[in-house]
Every structure is written in structure tokens, then in C-alpha cells.
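Here's the letter readout for the chains.
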Amino acid sequence: MTESRLIVERVDFLPTRAQWVFVTGTLSGDPVHIGDTVAVEDADQRTVTTIKSIEIHSPPGKTTIALDVALRPLITAGTVISRQG
């Protein structure tokens, strides 16, 4: 297993899923799975969390993952979310 890395392009919030923030970007490396532990890295901050849901889009590599809504202020376009293999 190699590192998985998603560079955030969009951040969405759905009132019907108020407990999650939805993060869309291009995933590189190995696939990620619900329950995987990932690190949200932006500037000097690194926060560890768990993937709650995943949606794969086309074109290939476009992926949306759901994370705890408490991370919403930390995640913007350009934020890196990674999982070490």
C-alpha cells in the first residue's frame, strides 16, 4: 500500500447531512475506504480524522469524501488530505 493523497478543490456542506463536511478533489495513490484514518494538512496544522463516506466521480480520480463537520473551518481549496500506507 502506498500513500493516498487528495488535494481539495471544493468543500460542500449539506443541511441534510449536517454532521459531515464534503470534500472533493483529485485522489492519487491507492484508493481510500470508509473508516480509513487520514491527516488534514493545511499550513502548519495537521489534524487526524476518519473518512465517513466516499463517492467516486468521473473523470477518474475525482473523489468526494465526508469528514467530521468540526473540520470545516480547517479545509479550503488547496488543503491536502493524506493517508500513509
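Each remark here, short or long, concerns the structure printed above.
Each chain carries its own residue numbering, running from 1 in the direction its sequence is written. Selection of residues for local features in this predicted model requires a pLDDT of at least 70, selection of side-chain atom pairs for listing and counting requires 80 or more, and totals for whole chains, interfaces and linings are taken over all residues. Note: side-chain values were computed over all heavy atoms of the structure, leaving out hydrogens and water.

**Student:** Help me get a handle on the environment of Glu41, residues and values and all.
**Tutor:** The secondary structure listing takes helices from DSSP runs of H or I that are at least 4 residues long and strands from runs of E that are at least 2 residues long, numbered from the N terminus. In this structure, Glu41 sits in strand β3 (residues 37–42). A 1.4 Å probe rolled over the protein chains alone gives each residue an accessible area, and that area as a share of the maximum for its type sets the label: buried under 20%, exposed over 50%, partly exposed in between. We classify Glu41 as partly exposed; its relative accessible area is 29%. Note: C-alpha distance between Glu41 and Leu6 (35 residues apart in sequence) is 11 Å. When sequence neighbours within four positions are dropped, the list of residues in contact with Glu41 reads Arg46, Thr79, Val80 and Ser82. Looking at Glu41, its side chain comes within polar contact range of the side chain of Ser82, at 2.9 Å. Two residues form a contact once any of their heavy atoms are found within 4.5 Å. Within 3.5 Å is the distance limit for a polar contact, defined as a pair of N or O atoms, with the added protein rule that one can donate a hydrogen and the other accept it, and that residues adjacent in sequence qualify only through two side-chain atoms.

**Student:** Please set out the pattern of salt bridges residue by residue, giving values where relevant.
**Tutor:** What counts as a salt bridge is simple: a side-chain nitrogen of Lys or Arg found within 4 Å of a carboxyl oxygen of Asp or Glu. Applying the stated criterion across every chain yields a total of 5 salt bridges. Between Lys52 and Asp68 there is a salt bridge, with the nearest N and O atoms lying 3.7 Å from each other. Taken together, the residues span a long stretch of sequence, with Lys52 in the loop between β4 (45–50) and β5 (53–56) and Asp68 in strand β6 (residues 62–68) at a distance of 16 residues. When its relative accessible area of 31% is taken as the criterion, Lys52 is described as partly exposed. Given the relative accessible area of 32%, Asp68 is considered partly exposed.

**Student:** Lay out the environment of Ser58 in plain terms, naming residues and giving numbers.
**Tutor:** One can find Ser58 in the loop between β5 and β6. Separated by 21 residues in sequence, Ser58 and Thr79 place their C-alpha atoms 21 Å apart.

**Student:** An account of empty space enclosed by the protein is requested, with residue identities and associated values reported.
**Tutor:** Buriedness for pockets is judged along seven lines, at least five of which must meet protein on both sides within 12 Å for an open set on the 1 Å grid over protein atoms alone, while cavities are sets there where a 1.4 Å probe fits but cannot get out, and lining residues have an atom within 4 Å of a point. Grid points are joined across faces, edges and corners, and a volume is the space filled by probe spheres set on the points. Taken as a whole and assessed by the stated rule, the structure comprises 1 cavity of 30 Å³ or more. Here the largest cavity defines a volume of roughly 50 Å³. Taken together, Ser4, Arg5, Leu6, Leu27, Val32, Val38, Ile51, Ile65, Ile81, Ser82 and Arg83 form the lining of the largest cavity. Ten residues, namely Ala, Val, Leu, Ile, Met, Phe, Trp, Tyr, Cys and Pro, are considered nonpolar, four, namely Asp, Glu, Lys and Arg, are considered charged, and the remaining ones, Gly among them, are considered polar. Each residue belonging to the lining of the largest cavity can be placed in one class, and the counts come to 7 nonpolar, 2 polar and 2 charged.

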